[in-house]
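Residues per chain, in single letters:
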Amino acid sequence: MATTAAPATIYPITFRRDPARHIPKQSPQSLLHNSISSASSTTTITTAFPLLRLRRRGTHNADRILASVSSSSTKPKESEQMRPSPVDLVDSILSKVTQTDRGVLLTSNEHQKVAEVAQELRKFCVDKPVKCPLIFGEWDVVYCSVPTSPGGGYRSALGRLIFKTNEMIQVIQAPDTVRNKVSFCAFGFFKGQVVLEGKLKALDDKWIQVIFEPPVLTIGAFDYKYGGQSEVKLEITYVDEKIRLGKGSRGSVFVFQRR
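As a starting point, this report considers the structure included with it. Predicted model, so just to flag it, every value in this text is computed and none were measured.

So, the nonpolar core
Then comes step 1: Counting 19 residues, the largest nonpolar core has Val178, Leu200, Ile208, Val210, Ile236, Val239 and Phe256 as the members making the most contacts within it.
Then comes step 2: Among the secondary structure elements, those contributing two or more residues to this core are strand E1 (137–144), strand E2 (163–173), strand E3 (177–186), strand E5 (207–212), strand E8 (230–239) and strand E10 (253–258).
Then comes step 3: By size, the runner-up hydrophobic cluster in this structure holds 18 residues, among which are Val90, Leu106, Tyr143 and Val255.

Here is the structure:
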């Protein structure tokens, strides 16, 4: 005969907090400290904690790298800070050639310094200086690396003793007229001048060719034409409102200052 099991009786269980065993509420820092002290959780905590530190350290380094990149991208390069402006270079080259009898009184080392500044200014020249309207006007020839290049024999060693140069002027008039004038005082008494007129022809965007008619010598009321035609080729290496630089076909460096 089957035996019927009696139904299970469920008794309510009441949990009471023992005042003697009351555990006070702890801060997260204290819980972390206690967890580290507990042997059961040592492996878990010591494994997670270094990862947390590495993650923070990596974030901090990344912030430093980003800040460094941002700072370096906005800071001008040292080479750009040191690079002189065209205005500075123009002032520099004029200071080197002023009161040097158009370069005659300079030493070889000083000529080299002028050439270096002229080379730097070349970097700031307009793309097509021959077509630039700034080339037109009246210019003083304030420097030439070879004294006899402008003025010919009048600027040679003997010519400078006889003909003391007062002015050397080049006038370029649109569209293609060039006039060179050298005024002097011969033997300290006779004032005179030599004038050459020619036609300008553009060879390319930087080089020009000028074919001059025979020069005209004027002393007092007397004019005298002598010699034959002459030809020069000049590269315009820089031009602005203040100066113009040129380089002859044989390497002579010219500095012209606007009058």
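As for the layout of surface pockets
Then comes step 1: Taken as a whole, the largest pocket holds about 860 Å³ of empty space.
Then comes step 2: In terms of lining, the largest pocket is formed by 36 residues, of which the most central are Ser149, Pro150, Asn180, Phe212 and Val232.
Then comes step 3: Among the secondary structure elements, those contributing two or more residues to the lining of the largest pocket are E2, E3, strand E4 (190–202), E5, E8, strand E9 (243–248) and E10.
Then comes step 4: With 5 residues, E8 is the single largest residue contributor to the lining of the largest pocket.

As for the packing of helix H4 (residues 86–97) against helix H5 (residues 108–122)
Describing two packed helices takes the angle between their axes plus the distance from one axis to the other.
Then comes step 1: Look at H4 against H5: their axes get within 10 Å of each other, and the N-to-C directions meet at 155°. By the angle between their directions, the pair H4 and H5 is classed as roughly antiparallel. Crossing angle aside, the handedness with which H4 passes H5 is left-handed. Residues Pro86, Leu89, Val90, Ser92, Ile93, Lys96 and Val97 of H4 form the contact with H5, whose own contacting residues are Lys113, Val114, Val117, Ala118, Glu120 and Leu121.
Then comes step 2: Looking at the contact of H4 with H5 residue by residue, the class counts come to 9 nonpolar, 1 polar and 3 charged.

Remarks on the packing of aromatic side chains
Then comes step 1: Using the criterion set out here, one finds 5 aromatic pairs in the structure.
Then comes step 2: Plain terms: the ring middles of Phe163 and Phe184 are 4.9 Å apart, the flat faces sit at 80° to each other, and that makes the pair edge-to-face. Taken together, the residues Phe163 in strand E2 and Phe184 in strand E3 connect sequence positions 21 residues apart.
Then comes step 3: Relative to Phe256, the ring of Phe254 has its centre 6.0 Å away and its plane inclined at 15°; by these criteria the two rings are stacked. Just as Phe254 is buried, Phe256 falls in that class too.
Then comes step 4: Each residue in the set Tyr154, Phe163 and Phe184 is aromatic and connected to the rest through ring pairs, giving one cluster.
Then comes step 5: Above the plane of the ring of Trp139 lies Arg244, whose end atom (NZ or CZ) is 4.9 Å from the centre.

Calculation criteria
- Throughout this description, residue numbers start from 1 for each chain and increase along the sequence as written.
- Where local features are concerned, this predicted model is filtered to residues with pLDDT of at least 70; where side-chain atom pairs are given and counted, the filter is 80 or more; whole-chain, interface and lining totals use all residues.
- Values reported for side chains reflect all heavy atoms of the structure, with hydrogen atoms and water molecules removed beforehand.
- Among the buried residues, those of types Ala, Val, Leu, Ile, Met, Phe, Trp, Tyr and Cys that are joined through side-chain atoms within 4.5 Å form a nonpolar core.
- Three exposure classes are used, based on accessible area relative to the maximum for each residue type with a 1.4 Å probe and protein chains only: buried under 20%, partly exposed in between, and exposed over 50%.
- Only runs of H or I of at least four residues qualify as helices and only runs of E of at least two qualify as strands under DSSP, and these elements are numbered from the N terminus.
- Buriedness of a pocket was judged along seven lines, with at least five required to meet protein on both sides within 12 Å; pockets are open sets of points on a 1 Å grid over the protein atoms alone, cavities are sets where a 1.4 Å probe fits but cannot get out, and lining residues have an atom within 4 Å of a point.
- Grid points are joined across faces, edges and corners, and a volume is the space filled by probe spheres set on the points.
- To get an axis, a line is fitted to the C-alpha atoms, and for a helix only the part in contact is used. The angle between two axes follows their N-to-C directions and goes from 0 to 180 degrees.
- Should an angle lie under 35 degrees it is considered roughly parallel, over 145 roughly antiparallel, and from 65 to 115 roughly perpendicular; all remaining angles are considered oblique.
- Handedness of a crossing is defined here by the sense of rotation of the near helix relative to the far one, left-handed for an anticlockwise turn of less than a right angle and right-handed for a clockwise turn.
- Contacts were defined at the residue level, with two residues in contact if any of their heavy atoms lie within 4.5 Å.
- Residues are grouped as follows: Ala, Val, Leu, Ile, Met, Phe, Trp, Tyr, Cys and Pro are nonpolar; Asp, Glu, Lys and Arg are charged; all remaining types, including Gly, are polar.
- Two rings belonging to Phe, Tyr or Trp (six-membered ring only in the last case) form a pair when the distance between their centres is within 6.5 Å. Interplanar angles under 30 degrees mark stacking, angles over 60 mark edge-to-face geometry, and anything in between is tilted.
- A ring is considered to have a charge above it if a Lys NZ or an Arg CZ atom is located within 6 Å of its centre and within 35 degrees of its normal.

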